[in-house]
Amino acid sequence: MSPLLRVLLGVLALGVTGLGTEQAPALRSPVELALTPYVRSLRTIAVSAGGETGAFLLDTGGGLTVLTPQAARGVGCAPFGRVTGFRSSGERIDFPRCGPVTLRLGAHSVRTESAILDLAPLLGDAPAVAGIVSLDTLRGAAFTLDLSANRLILETPTSLARRVKSLPELSIRTSRQAGGAALDLFLEARANPGSIWLELDSGNAGPVLLSPHAITQLGLVLSPDQPQSVILDMPGLGTLPLGAVVKDLIYDGLLNVAFLESIILTVDLSSERAWAVRRK
């Protein structure tokens with residue numbers, strides 16, 4: 001992985017405090033949104049803001065909604081205040097705030113505050129994006145993420161009930177820092193002793209990352225540089241082989257794009273429940 005992409009992925013894997021999102025009304029019919037392949041195995045999604053539609057990075061580990069300075073100006077939002085976040089490494093980052101603004105993903109509308117971050121220096125020669133869509137952007141919604149098929153489906157209560165009727169339920173935790181400002185999702189993996197909790201991170205285009213204490217619980221010895229195959233036992237999914245490296249984190253670990261491409265994931269953020277089926 002290039003140093004530039006490492007910096008970008010470090011920025012994406014934030015849990016950030018100080019922002020709020022208004023829950024959108026329930027959809028009357030499911031909305032299917034196309035995802036577009038981006039740098040490496042990252043994806044973007046089309047978002048409309050202030051009459052303009054641009055590509056936003058889709059990052060389930062991002063914690064918050066992000067606008068570039070150009071996108072913020074386009075919606076008439078002047079920077080103010082400060083929001084403070086921490087990379088998964090524990091490094092602190094401060095951003096100016098922007099909002100509230102209305103963003104549209106197809107027929108789904110959300111009014112939210114956001115952080116402002118200039119992504120251009122981090123992306124280098126990669127195509128420009130207008131911001132980052134995270135789980136905070138989808139707060140209160142139910143969705144199905146089929147990353148291998150490049151689609152995100154926003155579910156209605158009826159379509160959600162129909163989809164998950166025969167699916168195994170996952171063991172999850174949600175994380176809301178600063179009294180519920182940011183939103184991240186963690187999946188359980190069995191270990192001994194106890195369990196480990198791994199952040200669901202579509203912004204991680206590299207291997208699964210496991211903290212030193214997590215690999216001790218798993219009884220593993222891993223390299224920080226060369227990915228090695230590990231078997232994770234995840235309630236609702238069973239055992240999965242994944243490539244992983246060791247890295248000191250503030251979490252037990254980070255899942256990655258390869259993991260998400262191996263499953264079809266359905267999440268109801270209002271009830272904090274999730275289901276998945278493994279791809280054949």
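Report on the accompanying structure. All values derive from a computational prediction rather than experimental measurement.

### A few points about helix α4 (residues 157-164)
All of the buried residues in α4 are S159, L160 and V164. Looking straight down α4, one finds that the buried residues subtend no more than 115 degrees of arc, so they occupy a single side. Across α4 from its buried face, at more than 90 degrees, point the exposed residues T158 and R162. The inward-facing, buried residues of α4 contact β11 (142-146), β20 (263-268) and β21 (273-278).

### Describing unusual backbone geometry
With the exception of glycine, most residues fall at negative phi, and the peptide bonds are largely trans. With an omega of 5 degrees, the peptide bond running from N192 to P193 counts as cis. Notably, E272 is not glycine yet its phi reads approximately 55 degrees, a positive angle. Inspection of the secondary structure assignment puts E272 in the loop between β20 and β21. On the basis of relative accessible area, E272 is assigned to the partly exposed category, the value being 36%.

### Here's the deal with the environment of L210
Position of L210 relative to the elements: it lies in strand β16 (residues 208-210). Along the chain, L210 and V246 lie 36 residues apart, while their C-alpha atoms are 4.9 Å from each other.

Cut-offs and rules
- Residues numbered from 1 in each chain as written.
- Predicted model: local features only at pLDDT ≥ 70, side-chain atom pairs only at ≥ 80, totals over all residues.
- Heavy atoms only, no water.
- Buried < 20%, exposed > 50% of the residue type's maximum accessible area, 1.4 Å probe, protein only.
- Helix = DSSP H or I, 4+ residues; strand = E, 2+ residues; numbered from the N terminus.
- Arc of directions from axis to C-beta.
- Contact = heavy atoms within 4.5 Å.

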